[in-house]
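Structural overview for review
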Amino acid sequence: MSGILAGKRILVTGVVTDASIAFHVARIAQEEGAEVLLTGFGRLSLIERFAAKLPKPAPVIELDVTDQDHLDTLAERLGAHTDGLDGVVHSIAFGPQGAFSFLDGTWDDVSTAVHVSAYSLKSLTTACLPLLKQRGGSVVGLTFDAAVAWPHYDWMGVAKAALESTSRYLARDLGEFGIRSNLVAAGPLRSMAAKSIPGFGELADVWTTGRAPAGWDLTDPEPAARGVVALLSDFFPRTTGEIVHVDGGVHMMGA
């Protein structure tokens, strides 16, 4: 049997380590039949080493989502490896340390967090439009539920709220091209990104003290990755502007 992404061409951003959700999205997407391309920022040689651990080798294209030249040339550079895209995965977020203090965070801190973590969903998607518009497709981003105020998350929570709104507006404006935009709200993971969050342990305690009725493993990125792959597939042909929670059920529990 062929996989649910058979014949699809998927761009995955945000592979930082082989423990990241993005890496496992790329792996599962390949296992489900997709051709996968990766983007990298910073130490490309390191990301290329992680790319070599995938079931099939995947090219790595340099991309800084705050660099307009990178965005303007992205479709052309991707075109050296593929003749189109059927899916784009946005797994990009960053906040300076000041963004994790709500009352003390400066505009420089906040603007950086919003630019990298939220606006980049729009800029990445529009940069890929020449390849996505050929036969439509699916844009899937990763969020951390912004409906509530979490301990220590502060301006990054605001940035995630902006990301969630951005996805809805993309869904509105790209529907005519057959392009869907959805998000997966994943529970916390002990990832490299988590190390930059002061008080991550207290935040994670919400999941490790029995609040997740379906259970949650802070070291297992596969459930969230599978949610992303499902939304990339054709099994959700009329679902757009949605946030799918993959968090063990914490989001729906009362106090």
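All values reported here derive from a predicted model rather than from experimental measurement.

1. Remarks on the overall build of the chain
Counting its secondary structure elements, the chain contains 8 helices and 7 strands. Against the 2.2 N^0.38 benchmark of 18 Å for 255 residues, the chain shows a C-alpha radius of gyration of 17 Å, consistent with a compact globule. C-alpha extents for the chain along the principal axes are approximately 50 × 40 × 40 Å. Out of the 255 residues belonging to the chain, those deemed buried represent 52%.

2. Things to note about unusual backbone geometry
Positive phi values are uncommon outside glycine, yet H152 reaches one of about 70°. For H152, a relative accessible area of 29% gives the class partly exposed. One non-glycine residue, D154, lies in the positive phi region at around 50°. Inspection of the secondary structure puts D154 in helix 6 (residues 154–174). Overall, D154 belongs to the partly exposed group, its relative accessible area being 23%.

3. Regarding the side chain of D86
By secondary structure assignment, the location of D86 is in the loop between helix 4 (74–78) and strand 4 (87–90). Discounting chain neighbours no more than four positions away, the residues touching D86 are G7, K8, R9, I10, L132, R135, G136, G137 and S138.

4. A closer look at the side chain of T143
Tracing the backbone through its elements, the reader meets T143 in strand 5 (residues 137–143). Accessibility expressed as a relative area gives 5% for T143, which makes it buried. At 2.9 Å, the side chain of T143 and the side chain of E164 are in polar contact. Ignoring anything within four residues of it in the chain, the contact list for T143 reads K160, L163, E164, L183, V184, A185, A186 and I243.

5. Thoughts on the nonpolar core
The biggest cluster of nonpolar side chains holds 53 residues, and the ones touching the most others in it are V12, V25 and L38. Ranked by residues supplied to this core, first place goes to helix 1 (residues 21–31) with 7 residues. Setting aside anything within four residues of it in sequence, one finds V25 in contact with V12, V89, A225, V228, V229 and L232. Membership of the second largest hydrophobic core comes to 27 residues, among which are L71, V88, L121 and L132.

6. What about the packing of aromatic side chains?
All told, the structure shown has 5 aromatic pairs when counted by the stated rule. Geometrically, the ring pair formed by F144 and W150 is tilted, given 5.3 Å between the ring centres and 50° between the ring planes. Of the two residues examined, F144 and W150, each falls in the buried class. Both rings, one in F144 and one in Y153, keep their centres 5.2 Å apart while their planes meet at 65°; by these two values the pair is edge-to-face. When sorted by exposure, F144 lands in the same class as Y153, which is buried. Feature note: the residues F144, W150, Y153 and W207 constitute an aromatic cluster, connected by ring pairs.

7. A closer look at the packing of helix 5 (residues 107–132) against helix 6
With their axes 8 Å apart at the nearest point, helix 5 and helix 6 run at an angle of 20° to one another. By the angle between their axes, helix 5 is roughly parallel relative to helix 6. As for how helix 5 packs across helix 6, the hand of that crossing is right-handed. Touching V110, A113, V114, S117, A118, L121, K122, T125 and L129 of helix 5 are W155, M156, A159, A162, L163, T166, S167, L170 and L174, all from helix 6.

8. What about the sheet that holds strand 5?
Taken together, the 7 strands give an open sheet; going across it, the order is 3-2-1-4-5-6-7, and neighbouring strands pair in parallel fashion. If you trace the sheet from one side to the other, it starts and ends with strand 3 (60–62) and strand 7 (243–246), each paired once. Averaged over all pairs of adjacent strands, the angle between strand axes in this sheet comes to 20°, irrespective of strand direction. Two elements, strand 1 (residues 9–12) and strand 2 (residues 35–40), share 4 bridges in a ladder whose sense is parallel. Following the sheet pairing, R9 is matched in strand 2 by E35. Docked against the sheet, helix 5 engages strand 1, strand 4, strand 5 and strand 6 (179–186), running at close to 165° with respect to strand 4. Contacts from helix 8 (residues 222–232) reach strand 1, strand 4, strand 5, strand 6 and strand 7, with the element oriented near 170° to strand 6.

9. Overview of the pairing of strand 2
With respect to burial, strand 2 is a largely interior element, 5 of its 6 residues being buried. Each parallel crossover has a hand, and the one from strand 1 via helix 1 to strand 2 is right-handed. When strand 2 meets strand 3, the two strands line up parallel, connected through 3 bridges. Bridge pairing in strand 3 links T39 to I61. Traced from strand 2 through helix 2 (residues 44–51) to strand 3, the parallel crossover comes out right-handed.

Each value, and the rule that gives it
Residues numbered from 1 in each chain as written. Predicted model: local features only at pLDDT ≥ 70, side-chain atom pairs only at ≥ 80, totals over all residues. Heavy atoms only, no water. Helix = DSSP H or I, 4+ residues; strand = E, 2+ residues; numbered from the N terminus. Rg over C-alpha atoms; globule rule 2.2 N^0.38 Å. Buried < 20%, exposed > 50% of the residue type's maximum accessible area, 1.4 Å probe, protein only. Contact = heavy atoms within 4.5 Å. Polar contact = N/O pair within 3.5 Å; in protein donor to acceptor, adjacent residues only side chain to side chain. Core = buried A, V, L, I, M, F, W, Y, C linked by side-chain atoms within 4.5 Å. Phe/Tyr/Trp six-rings, centres within 6.5 Å; stacked < 30°, edge-to-face > 60°. Axes fitted to C-alpha atoms, helices over the stretch in contact; angles between N-to-C directions. Parallel < 35°, antiparallel > 145°, perpendicular 65-115°, else oblique. Left-handed = near helix turned anticlockwise from the far one by under 90°. Pairing = 2+ DSSP bridges. Right-handed = clockwise from strand over helix to strand, strands pointing away.

Honestly, that's just the spatial picture; any functional story needs more than this.
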